[in-house]
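Descriptive analysis of the structure
Here's the letter readout for the chains.
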Amino acid sequence: MTDAGVNNLRFAIVSQAVDDYFSLLSMLASPTVNRNIFMLEDFFHSGWFALLCDLDGDVLMEKIQKKAKNMKVKYLVSRLPDGTRYYVHKAQEPNIPIPDSYGRREHCLQLAAKMNGLDVKSYMRMLRRDGIKV
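Let us now look at the overall build of the chain. The helix and strand tally for the chain stands at six helices and two strands. Beginning at the N terminus, the succession of helices and strands in the chain can be written as α-α-α-α-β-β-α-α. The C-alpha radius of gyration of the chain comes to 19 Å, more than 25% above the 14 Å expected for a compact globule of 134 residues. Overall, the C-alpha framework of the chain stretches about 60 × 30 × 25 Å when taken along its three principal axes. Counting across all 134 residues of the chain, residues that qualify as buried make up 32%. A total accessible area of about 9,100 Å² is found for the chain, and carbon and sulfur atoms account for 55% of it. The centroid of the 19 positive side-chain charges in the chain is displaced by 9 Å from the centroid of its 15 negative side-chain charges.

Residues in a regular strand point their side chains to alternate faces of the sheet. When strand β1 (residues 75-79) meets strand β2 (residues 86-90), the two strands line up antiparallel, connected through five bridges. Counterpart to Ser-78 in the pairing with β2 is Tyr-87. In textbook terms, the turn of a hairpin is the stretch between consecutive antiparallel strands, and for β1 and β2 this stretch comprises six residues, one of which, Gly-83, has a positive phi near 75°.

For Arg-10, the position within the fold is in helix α1 (residues 3-25). On a C-alpha basis, the gap between Arg-10 and Asn-34 in space is 19 Å, while along the polypeptide they are 24 residues apart. For Arg-10, the contacting residues outside a window of four places in its chain are Leu-51, Leu-52 and Cys-53. At 2.9 Å, the side chain of Arg-10 and the backbone oxygen of Leu-52 are in polar contact.

This part is about the nonpolar core. Formed by 32 residues in total, the largest nonpolar core has its most connected members in Phe-44, Phe-49, Val-77, Val-88 and Tyr-123. Those elements that provide at least two residues to this core are α1, α2 (37-44), α3 (47-52), α4 (57-69), β1, β2, α5 (105-115) and α6 (120-129). The element that contributes the greatest number of residues to this core is α1, accounting for five residues. If we ignore the near neighbours within four places in the chain, the residues touching Val-88 are Tyr-75, Leu-76, Val-77, Pro-97, Ile-98, Ser-101, Cys-108, Leu-111, Ala-112 and Met-115.

Time to look at unusual backbone geometry. Of note in this structure, Asp-100 is not a glycine but carries a positive phi near 60°. Mapped onto the elements, Asp-100 comes out in the loop between β2 and α5. Here Asp-100 falls in the exposed class, since its relative accessible area comes to 75%.

A full pass over the atoms with the stated rule returns five aromatic pairs. On the basis of an interplanar angle of 45° and a centroid distance of 6.1 Å, the ring pair of Tyr-87 and Tyr-102 is categorised as tilted. With Tyr-87 in strand β2 and Tyr-102 in the loop between β2 and α5, this residue pair connects regions lying 15 residues apart in the sequence. For Tyr-102, a relative accessible area of 35% corresponds to the partly exposed category. One aromatic cluster is present, formed by Tyr-21, Phe-43, Phe-44 and Phe-49 through successive ring pairs. When the ring centre of Phe-22 is taken as reference, the NZ or CZ atom of Lys-67 above it lies at 5.1 Å.

Calculation rules
- Residues numbered from 1 in each chain as written.
- Predicted model: local features only at pLDDT ≥ 70, side-chain atom pairs only at ≥ 80, totals over all residues.
- Heavy atoms only, no water.
- Helix = DSSP H or I, 4+ residues; strand = E, 2+ residues; numbered from the N terminus.
- Rg over C-alpha atoms; globule rule 2.2 N^0.38 Å.
- Buried < 20%, exposed > 50% of the residue type's maximum accessible area, 1.4 Å probe, protein only.
- Areas by Shrake-Rupley, 256 points an atom, 1.4 Å probe, with all protein chains shown as cover.
- Lys, Arg positive; Asp, Glu negative; His and termini not counted.
- Charge placed at Lys NZ, Arg CZ, Asp CG, Glu CD.
- Pairing = 2+ DSSP bridges.
- Contact = heavy atoms within 4.5 Å.
- Polar contact = N/O pair within 3.5 Å; in protein donor to acceptor, adjacent residues only side chain to side chain.
- Core = buried A, V, L, I, M, F, W, Y, C linked by side-chain atoms within 4.5 Å.
- Phe/Tyr/Trp six-rings, centres within 6.5 Å; stacked < 30°, edge-to-face > 60°.
- Lys NZ or Arg CZ within 6 Å of the ring centre and 35° of its normal.

Here it is in structure tokens:
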């Protein structure tokens with residue numbers, strides 16, 4: 001394996017741990033036997049983590065925790081009063097549609113998820129987490 005290949009593998013391992021930790025803290029993913037918060041925190045404090053990268057595990061976890069805590073839905077999907085179509089709007093402005101955001105429910109959910117920087121599955125989990133119905 002080349003040096004570039006080894007570096008890519010090291011980056012992929014740390015990146016996956018960061019993604020998993022964020023998903024669990026923001027409740028976008030459920031804990032499993034192979035993925036839970038305590039296991040990931042142990043990883044960030046381990047010698048294995050120190051061998052993979054030069055980051056401080058505590059500082060990294062603190063940044064991820066802050067990001068997960070502040071994660072909020074910015075864009076939502078609502079139905080037009082006549083019930084024919086849906087539209088995307090800012091969470092604070094329910095009566096002001098985003099231009100060119102009208103369409104079927106699925107289309108609007110995909111657009112809102114993208115605008116929130118998420119895939120549709122994660123977006124729907126975030127809505128359920130916050131008790132928001134579409």
